[in-house]
Amino acid sequence: MCNLTIENWFTLISLMFVAIGGIFIYCQWKKSLKIRRAEFISQILEKLRFDKDLQKAMYIIDYKQDWYNSSFHKSDFECSIDKLFSYVDYVCYLKTTGNISATEFKIFQYEIHRICVSYSSKEYLWNLYHFSKSNNTDCSFQNLINYGIEIKLFPEDFKINKSLFTKILNWN
């Protein structure tokens, strides 16, 4: 039988308290991570839904079906559209890198799908993609394009078919 001295009992009790404390600290840390993650998602969502430029761009995408044409690049709303696309491209990047979960991404999916189903959005992104490639660089909205192709809202040959949409930008 094991003979435990008083010193051994104190050591054993101390180790139990350390273990309990460690478990408590771990639970608190996990809880704080969840809270910070929720705050991060909330900040992204608030900007996407309530920023005036982003709202203006979503309105154009929703209600002006043929917004991408030869006059777009000289228009007042080009900056708003680019700002919106940059923002949702970042959200798609976060999903791709695993920095937001599939469940968290669903919060943004509605807006992203609205963008991806718009014919003008597809045409604009297609022109930008091929313009970028002709200049040996990546497209600014590559993550959004990849997402659109992945979920089949963009044609499979989006990146290779050079006659898929009307060519507006000057690229070969």
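Residues numbered from 1 in each chain as written. Predicted model: local features only at pLDDT ≥ 70, side-chain atom pairs only at ≥ 80, totals over all residues. Heavy atoms only, no water.

Enquirer: Kindly report on the pattern of salt bridges, identifying the contributing residues and their values.
Expert: Summed over the entire model, instances satisfying the criterion amount to 8 salt bridges. For Arg37, the salt bridge identified is with Glu104, shortest N-O distance 2.8 Å. Residue Arg37 is located in helix H1 (residues 6-50), and its partner Glu104 is located in helix H4 (residues 102-117); the two are separated by 67 residues in the primary sequence. By relative accessible area, which is 34% here, Arg37 ends up partly exposed. Of the residues examined, Glu104 reaches a relative accessible area of 14% and is grouped as buried. In this structure, Asp53 engages Lys83 in a salt bridge whose closest nitrogen and oxygen atoms are separated by 3.3 Å. Here the residue Asp53 occupies a position in helix H2 (residues 52-63), and Lys83 occupies one in helix H3 (residues 78-96), the gap between them amounting to 30 residues. A relative accessible area of 33% means that Asp53 is categorised as partly exposed. Taking relative accessible area as the criterion, Lys83 reaches 29% and is therefore assigned partly exposed. (Salt bridge = Lys/Arg side-chain N within 4 Å of Asp/Glu carboxyl O. Helix = DSSP H or I, 4+ residues; strand = E, 2+ residues; numbered from the N terminus. Buried < 20%, exposed > 50% of the residue type's maximum accessible area, 1.4 Å probe, protein only.)

Enquirer: Describe the nonpolar core, naming the residues involved and giving the relevant values.
Expert: One finds Trp67, Ile81, Leu84, Phe85, Ile112 and Leu144 to be the most contacted residues of the largest nonpolar core, which totals 42 residues. Looking at this core, the elements with two or more residues in it are H1, H2, H3, H4, helix H5 (119-134) and helix H6 (142-150). Here this core takes 8 residues from H3, the largest share from any one element. In this structure Leu84 touches Leu48, Leu54, Ala57, Met58, Ile61 and Ile115, once residues within four positions along its chain are discounted. (Core = buried A, V, L, I, M, F, W, Y, C linked by side-chain atoms within 4.5 Å. Contact = heavy atoms within 4.5 Å.)

Enquirer: Tell me about H3, and name the residues and values.
Expert: Helix length check: H3 (19 residues) gives 26 Å between terminal C-alpha atoms against 27 Å at 1.5 Å per residue, within 8%. For H3, the complete set of buried residues consists of Glu78, Ser80, Ile81, Leu84, Phe85, Tyr87, Val88, Asp89, Val91, Cys92 and Leu94. Among the residues trailing H3, Gly98 stands out with phi positive, at a value near 80°. (Expected span 1.5 Å × (residues − 1).)

Enquirer: Explain the packing of aromatic side chains to me, and be specific about the residues and the numbers.
Expert: The full count for this structure, using the stated rule, is 19 aromatic pairs. For the ring pair Trp67 and Phe72, a centre distance of 5.3 Å and an interplane angle of 55° mean the geometry is tilted. An identical accessibility class is assigned to Trp67 and Phe72; each is buried. Pairwise contacts between aromatic rings join Trp67, Tyr68, Phe72, Phe77, Phe85, Tyr124 and Phe141 into one cluster. Above the ring of Phe105, the side-chain terminus of Lys95 is found at 5.5 Å from the ring centroid. Directly above the ring of Trp171 sits Lys167, whose terminal nitrogen or CZ lies 4.7 Å from the centroid. (Phe/Tyr/Trp six-rings, centres within 6.5 Å; stacked < 30°, edge-to-face > 60°. Lys NZ or Arg CZ within 6 Å of the ring centre and 35° of its normal.)

Enquirer: With reference to specific residues and values, describe a nonpolar patch on the surface.
Expert: Taken together, the side chains of Leu4, Trp9, Leu12, Ile13, Met16, Phe17 and Ile20 make up a nonpolar region of the molecular surface, amounting to roughly 710 Å² of accessible area. Along the chain, Leu4 falls in the segment before H1. By relative accessible area, Leu4 is classed as partly exposed at 39%. (Patch = residues over 30% accessible without salt bridge, like charges linked within 9 Å, V, L, I, M, F, W, Y side chains within 5 Å. Areas by Shrake-Rupley, 256 points an atom, 1.4 Å probe, with all protein chains shown as cover.)

Enquirer: Outline the confidence of the model for the chain, supporting the account with residue identities and numerical values.
Expert: Per-residue confidence for the chain gives a mean pLDDT of 94; residues scoring 70 or more make up 99%. The secondary structure element of the chain with the lowest average pLDDT is H1, at 92, and the one with the highest is H6, at 98. (pLDDT = per-residue confidence, 0-100.)

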